[in-house]
Every structure is written in structure tokens, then in C-alpha cells.
There are 2 protein chains.
Amino acid sequence: MRRKNKSLKLVNKEERSLHIYEKALDLFLEEGYDNTPMAKVAQRAGISKAGLYYYCSSKENLLFIIHKYYLEKYFLPILDSAKEIAEPRERLSFLLHNYAKFFASHPAPRLLINEVNRLNRKHLKEIKDFWKRGFDLIRHTIRELQEKGDVKKFRDSFASFLAIGMAAWIYNWFDYSRPSTANELANTMVDIFFKGIEN
Amino acid sequence: MRRKNKSLKLVNKEERSLHIYEKALDLFLEEGYDNTPMAKVAQRAGISKAGLYYYCSSKENLLFIIHKYYLEKYFLPILDSAKEIAEPRERLSFLLHNYAKFFASHPAPRLLINEVNRLNRKHLKEIKDFWKRGFDLIRHTIRELQEKGDVKKFRDSFASFLAIGMAAWIYNWFDYSRPSTANELANTMVDIFFKGIEN
């Protein structure tokens, strides 16, 4: 009865889907993607296994949907906001700060990045394209600053990947039980990288 | 017959072991750890499956041996050399440069880091202790520089993990078919991080 009441609270299909994707994400993070059969996902989401297949066609499909959902909700908006910043120093600072916050706000990227190769070729390409948009924007901004003479003439791809590495690696070590330190971490990262590339 | 001749060339047990571990490492990198049954490892190494179990007791044990072998051969010597450098600026520069080179010289860390959680608890602890020795040395050196007033008073753990992230992330993007750029990459990383933390 409890389950039924719970799912009744979720009024429409979209809301029910989000509930399921978030439960699946939590479970994959706790137990690992490989160790989590679809029956367990269904149990955690409070629906039947058959019901789960109404929301995704396979485990791979579920992983893809979670990827897309998470990146569209939390990652792409960073890029959209950054594109509206005309001044390149300010844009780069915004990008780096929000990359760090993205990786320090939730351990989801640990799952997304570690298990990305479980996606089929088409899905993998789509997800890699999301990440690449971020890389391209950082690289383009570093180039702009190099052309203005504000930033040293490092190979721009190297500098961009090093910045992304500082941020992305966060999921391997950050203590997510202390979210109040995320802002200090983002500031530290921006300070180090910015001063480090200055001419 | 070919197999027999091949193994005869390897004169002692140690040499034969190294041959097997390197073949297994290559195969795991090419095909993925999960997708590689022990029969395939044996085939690649040119021995029987029963013969393979003479060198390791299980697939997990093989992964552990590869980890230990690789880190003892290529990672721990960096720390040993660094410890002999008294001057902290020089020590930190040496550490960062060699971390970058370590990650840019071979894609092995991609396997080691991504699959480290396949190890059993005891083995996992042993391997994590290897990595922690590197972290502790970097952190200790940054603290030393902070006490001398040479480096800004960032939280030392954050600064250390950000440096390691820059280096470790290399395995996700570096083009290993262009090894000649590894040195330029290491120099770029040291330049950015060093200037970035300076007081």
C-alpha cells in the first residue's frame, strides 16, 4: 500500500520518470552499475520491473537517459550562461568556477564518467558531444585571452584539458558530506589556474 | 610448437611473470577488464589457462599483481627520488613534472584507476596507500612552501588534489600516439600550477 500511495503522489509521467531516474542514479552510485540488476532499480523506485521498462528499454538505455537528464539539467546551463558573457576573463572565470561547483555538488559525475563506455556507440557520441561543448568553450576563451596578450602562449588544448582535469578529478576525492567547502574549492581552483596562465 | 619456443626464450620465472603481466595489462586496456576472460589472457601470453593460474590465483589477484608491479616500477621511484630533494620548490617541481610524465607515458593508469574498485578490500587498501604516499608528499611540500611564505595559504589538501587532478586526468585525453608532446605537457602543467600557487 505504501508504494502505491507514494507513486500516486507523483502526478504526471514526467514527474514519475524523474523520480525513477534519480532513484536509479542513487542506486548505481551506491552499489555500482554492474552490481545493480534492473529488478533492484524497480524495487528502489517502488514500481514493478515491467513498469520500469515503460520508462526505459534496457539498462543501457536507462544509463543513457540518466546521463542526458543530468547533463541537460546541471551542465549545459553552465555553458549557456557562459556564452552570454562577452568579456573573456569573466567568461573563463565563470566557466572554471561552475565546473568546480558542478563536480563538487554531487557525486553523479563519478558514475557518468566511469561508466560512459557502457553506452552504445550512438549514445556515447551524444554524451561525449555534451562534454566537448564545454571543452570547446574553454579552449576558445583561452585562445581569445592569448590573442589579447593576457594569457601565455601555452598550447591551448593542453591548458584547457589541465583546467578540466583539476575540476573533473574532484569526484575522486571530494568529501560530499561537507558541501559548505565547495565554494572555497571553486575559488581555490579559479585562483590557481587564472594566476597560473597569466602573461 | 611456436608457443613452446616463445616461452623457452624467457629464462626464469620472474621474466616469464613480467611477460604475462604485460600481456594481461595490454589486453585489459584494449578490451576492458570485464570483457577479458582469463582464457584470453592465457592465449595472449602464449600459455595454457592452467599455466596462467601458476602465476596468479584469480582474475582479481592478476589485477592486483599488475597494479603493484606497475606502481612499484614507475610510480614509487618518483617519490623516492623526490624525497632526496631538500629544497621544497625544486621537490614540488620535480614531483609535478614526473606525475605528468607518469600519466602521459602510458595509458596503464586508465585501467588501474578505473578498475581499482574490482580489488578486494585488502588489496584495495594496499594500492590506495601507494597513491596516498604521493599525495602526502605533495601536500607536505606545499605546506613547507606555505610556511616559508612562498605559497599562498590555500587549504593544502585542496591545492594538492587540484595538482594531482591536472596530472591524473591526462589519461582521459592524452594522445599516446604522440609521445613527443609529453614533455611540453609536463612543462605546461608545472608552469601553470607553480605560478598559480605563488604568493
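Rules behind the numbers
Residues numbered from 1 in each chain as written. Chains lettered and ligands numbered in written order. Predicted model: local features only at pLDDT ≥ 70, side-chain atom pairs only at ≥ 80, totals over all residues. Heavy atoms only, no water. Contact = heavy atoms within 4.5 Å. Buried area = accessible area lost by both parts, 1.4 Å probe. Salt bridge = Lys/Arg side-chain N within 4 Å of Asp/Glu carboxyl O. Helix = DSSP H or I, 4+ residues; strand = E, 2+ residues; numbered from the N terminus. Least-squares fit on C-alpha atoms with pLDDT ≥ 70 in both. pLDDT = per-residue confidence, 0-100. Buried < 20%, exposed > 50% of the residue type's maximum accessible area, 1.4 Å probe, protein only. Arc of directions from axis to C-beta. Expected span 1.5 Å × (residues − 1). Polar contact = N/O pair within 3.5 Å; in protein donor to acceptor, adjacent residues only side chain to side chain. Core = buried A, V, L, I, M, F, W, Y, C linked by side-chain atoms within 4.5 Å.

1. Remarks on the interface of chain A and chain B
- Between chain A and chain B, the contact holds 32 residues from the first and 32 residues from the second.
- Each partner contributes to the roughly 3000 Å² buried at the junction of chain A and chain B, and carbon and sulfur atoms together form 70% of this total.
- The largest contributions to the chain A side of the interface with chain B come from Phe 158, Leu 162 and Trp 169 of chain A, which together make up 24% of the buried area.
- Note that Glu 184 of chain B is salt-bridged to Arg 155 of chain A, the shortest N-O span being 2.6 Å.
- Elements that contribute at least two residues to the side of chain A that touches chain B include exactly α7 (108-114), α9 (156-168) and α10 (182-197) of chain A.
- The dominant element in the side of chain A that touches chain B, judged by the number of residues it contributes, is α10 of chain A, at ten residues.

2. What about the relation of the copies chain A and chain B?
- Taken as rigid bodies, chain A and chain B are interconverted by a rotation of 180° and an axial shift of 0.0 Å, the fit giving an RMSD of 0.0 Å. What the superposition gives is, in effect, a two-fold axis relating one chain to the other. Among all C-alpha atoms of chain A, that of Gly 196 of chain A lies closest to the rotation axis, at 1.9 Å.
- When the interface residues of chain A are mapped onto chain B, 100% of them again lie at the interface, so the same face is used by both copies.

3. Thoughts on the confidence of the model for chain A
Residue and element names in this part refer to chain A.
- For chain A, per-residue confidence averages 93 on the pLDDT scale, and 94% of positions sit at 70 or higher.
- Segment residues 1-8 is flagged for pLDDT under 50; beyond a separation of four residues in sequence, or across chains, it makes three contacts in the model.
- In the predicted assembly, ipTM is 0.91 and pTM is 0.91.

4. Details of helix α3 (residues 38-45) of chain A
All names here are of chain A.
- Among all positions of α3, only Met 38, Val 41, Ala 42 and Ala 45 are buried. Down the axis, α3 shows its buried residues gathered within 100° of arc, on one side only.
- Contacts made by the buried residues of α3 are with α2 (13-31), α4 (49-52) and α5 (59-83).
- Within two residues after α3, Gly 46 carries a phi angle of roughly 75°, on the positive side.

5. Things to note about helix α6 (residues 88-105) of chain B
Residues and elements named next belong to chain B.
- End to end, α6 covers 25 Å across 18 residues, agreeing with the expected 26 Å (1.5 Å per residue, within 8%).
- Among the residues making up α6, those that are buried are Pro 88, Arg 91, Leu 92, Leu 95, Leu 96, His 97, Tyr 99, Ala 100, Phe 102, Phe 103 and Ala 104.
- On its buried face, α6 sits against α5 (59-83), α7 (108-114), α8 (121-147), α9 (156-168) and α10 (182-197).
- Sitting at the amino-terminal end of α6 is Glu 87, which places a side-chain oxygen 3.3 Å from the backbone nitrogen of Arg 89.

6. Description of the environment of Lys 68 of chain B
Residues and elements named next belong to chain B.
- Note that Lys 68 resides in helix α5.
- Given the relative accessible area of 25%, Lys 68 is considered partly exposed.
- Between the alpha carbons of Lys 68 and Glu 126 there is a distance of 8.7 Å; along the sequence they are 58 residues apart.
- For Lys 68, the contacting residues outside a window of four places in its chain are Glu 126, Ile 127 and Phe 130.
- Of note is the side chain of Lys 68, whose polar atom sits 3.2 Å from the side chain of Glu 126.

7. Some thoughts on the nonpolar core
- Counting residues in hydrophobic clusters, the biggest one holds 150 residues, and the most contacted among them are Phe 193 of chain A together with Phe 103 and Phe 193 of chain B.
- When sequence neighbours within four positions are dropped, the list of residues in contact with Phe 193 of chain A reads Leu 96, Ile 142, Ala 159, Ala 163 and Met 166 of chain A together with Met 166 and Ile 192 of chain B.

8. A short note on the side chain of His 67 of chain B
All names here are of chain B.
- Residue placement: His 67 occurs in helix α5.
- The buried category is assigned to His 67, whose relative accessible area is 0%.
- For His 67, the residues in contact, after removing those within four places along its chain, are Leu 112, Val 116, Leu 119 and Ile 127.

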